[in-house]
Amino acid sequence: MNYNGIDFDTYFKYYPDQNGYFGKYGGAYVSPELKKAMEEISEAYFTICKSRTFISELRRIRKEFQGRPTPISHLERLSSKLGNVQLYVKREDLNHTGAHKLNHCMGEALLAKFMGKKKVIAETGAGQHGVALATAAAYFGLECDIYMGSVDIKKQAPNVARMKLLGANVVEVTEGLATLKEAVDAAFAAYCKDYKDCIYCIGSVLGPHPFPMMVRDFQSIVGIEAREQFLEMTGELPDAVVACVGGGSNAMGIFSGFLNDPVEIYGVEPLGRGATLGDHAASLKYGTEGIMHGFNSIMLKDENGEPAPVYSVASGLDYPSSGPEHAFLHDLGRVKYDVVSDDETLEAFYTLSRLEGIIPAIESSHAVAYAMKLAKEMGKGSILINLSGRGDKDMDYIIEKYGLR
Ligand SMILES: *Cc1c(COP(=O)(O)O)cnc(C)c1O
């Protein structure tokens, strides 16, 4: 399918290019030292990802450890409540550890193993990426250092306990505001010192090349399964595919399966409390081009051009940029990016729980909320939503703050 001059039949062969660019977005804006490390990972990935032992090992792990393929469920009660549009969810909440993140963490850790590394390193904010990576490290018998700001360590005690239980070493970062940004800096500094023996594992389609590409490739299993399953269930493709976008990994996973199809694709960003800078994390909607954390993309900046403070009820979505491939698909118009507020998201969280027996992650609830609005606009047809994770982690907070509705 040709779309605005891009041939999607051969898209994955040419995007990103050799240097990690999706059009003008992406690249690797890092120190010479780190550049060397990224090139080593790139080279290894290009060789290893084609090897038959790597592919069959990853396939086996997905089936026997992660519980893939995850099913698609038809939301019959919610659909009939909204009208004539049929809603479906791809159940990444049923992936082991309860979200899509393990898809790329298992891939990254398997790559580390094939490269002969002893340790994986990452930062974490809310702790979801840390838990997924600690799980992968335990499975492969790799050491695991997770850098986390001391403020986040206090806020996210259950995830800290999980990481420790899984054998990870949680490194407390006390500099600056002691949250995600400082944790990123500390983790990168540690990696620079130690990159011969370890590999940095980025938690989304972000960071310097090759991570946006690698993480997309590992997540693309979601789109491959979903396309096949949807065709088998309904005999057709969905009219629309919807996913929430923080960094953008679950979205790239499902989108990649449908880019070359006559399917409308929607990425949903968090509008939080409203459109004022600081009240949301809708970088593609309100941001401008800029470089941060090693890549060029569309980002939210403060008056000094630094990453702006962001907010969302979903801690997995509060990042001031999105992956470079999303910026590219945004400019191209192939994917439409829109927003939903905290309030609309909460409504969807309660509705899906009550009508379908699925308690969604508050991140995924953004996609559900948007699909509910879209269903009313469309009037007929079908929508496939990527349900990126389950809501157990959010339940206590939401009930305490908003009550049982
Ligand atoms: C982390 C997380 C997200 C956001 O990350 P993406 O890279 O944008 O997918 C979304 N949903 C869940 C359940 C998460 O844990």
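This text gives an overview of the structure that appears in the document.

## Focus on the sheet that holds strand E8 (residues 143-149)
- Read from one edge to the other, the open sheet built from 4 strands follows the order E9-E8-E7-E10, with strand pairing classed as parallel. Here the strands that pair on one side only, and so sit at the sheet edges, are strand E9 (169-173) and strand E10 (198-200). Ignoring strand direction, the axes of neighbouring strands in this sheet form an average angle of 20°.
- Examined bridge by bridge, E8 and E9 share 5 bridges and lie parallel to one another. The residue bridging Met148 from the neighbouring strand is Glu172, located in E9.
- Sheet strands touched by helix H9 (residues 180-194): strand E7 (119-123), E8, E9 and E10. Its angle to E7, the strand with the most contacts, is close to 155°.

## Points about helix H13 (residues 324-332)
- H13 sits mainly inside the fold: 7 of its 9 residues count as buried.
- Every buried residue of H13 is accounted for by Pro324, Glu325, His326, Ala327, Phe328, Leu329 and Leu332.
- The positive-phi residue at the C-terminal boundary of H13 is Gly333, with phi of around 85°.

## Examining the side chain of Arg334
- By the element assignment, Arg334 lies in the loop between H13 and strand E15 (335-341).
- The buried charged residue Arg334 lacks any salt bridge, with Glu264 as its nearest oppositely charged partner at 5.8 Å.
- Within the structure, the side chain of Arg334 is placed 3.0 Å from the backbone oxygen of Val263, a separation counted as a polar contact.

## Some details on the sheet that holds strand E11 (residues 240-244)
- The 6 strands are arranged E5-E6-E16-E11-E12-E15 in an open sheet whose pairing can be described as mixed. Each edge of the open sheet carries a strand with a single partner, namely strand E5 (72-74) and E15. Across this sheet, the average inter-strand angle for adjacent strands is 25°, counted without regard to direction.
- Alignment of E11 against strand E12 (residues 264-272), held across 5 bridges, turns out to be parallel. Residue Val241 lies in a different strand from E12, and its bridge partner there is Ile265.
- Contacting E5, strand E6 (86-91) and strand E16 (382-387), helix H10 (residues 211-234) crosses the sheet at an angle of about 140° to E6.

## What about H9?
- Taking 1.5 Å per residue as the helical rise, H9 with its 15 residues ought to reach 21 Å, and the 21 Å between its terminal C-alpha atoms agrees with that figure.
- Taken together, the buried positions of H9 are occupied by Glu182, Ala183, Val184, Ala187, Phe188, Ala190 and Tyr191.
- Buried residues along H9 sit in contact with helix H2 (32-48), E7, E8, E9 and E10.

Rules of the game
Residues numbered from 1 in each chain as written. Predicted model: local features only at pLDDT ≥ 70, side-chain atom pairs only at ≥ 80, totals over all residues. Heavy atoms only, no water. Pairing = 2+ DSSP bridges. Helix = DSSP H or I, 4+ residues; strand = E, 2+ residues; numbered from the N terminus. Axes fitted to C-alpha atoms, helices over the stretch in contact; angles between N-to-C directions. Contact = heavy atoms within 4.5 Å. Buried < 20%, exposed > 50% of the residue type's maximum accessible area, 1.4 Å probe, protein only. Lys, Arg positive; Asp, Glu negative; His and termini not counted. Salt bridge = Lys/Arg side-chain N within 4 Å of Asp/Glu carboxyl O. Polar contact = N/O pair within 3.5 Å; in protein donor to acceptor, adjacent residues only side chain to side chain. Expected span 1.5 Å × (residues − 1).

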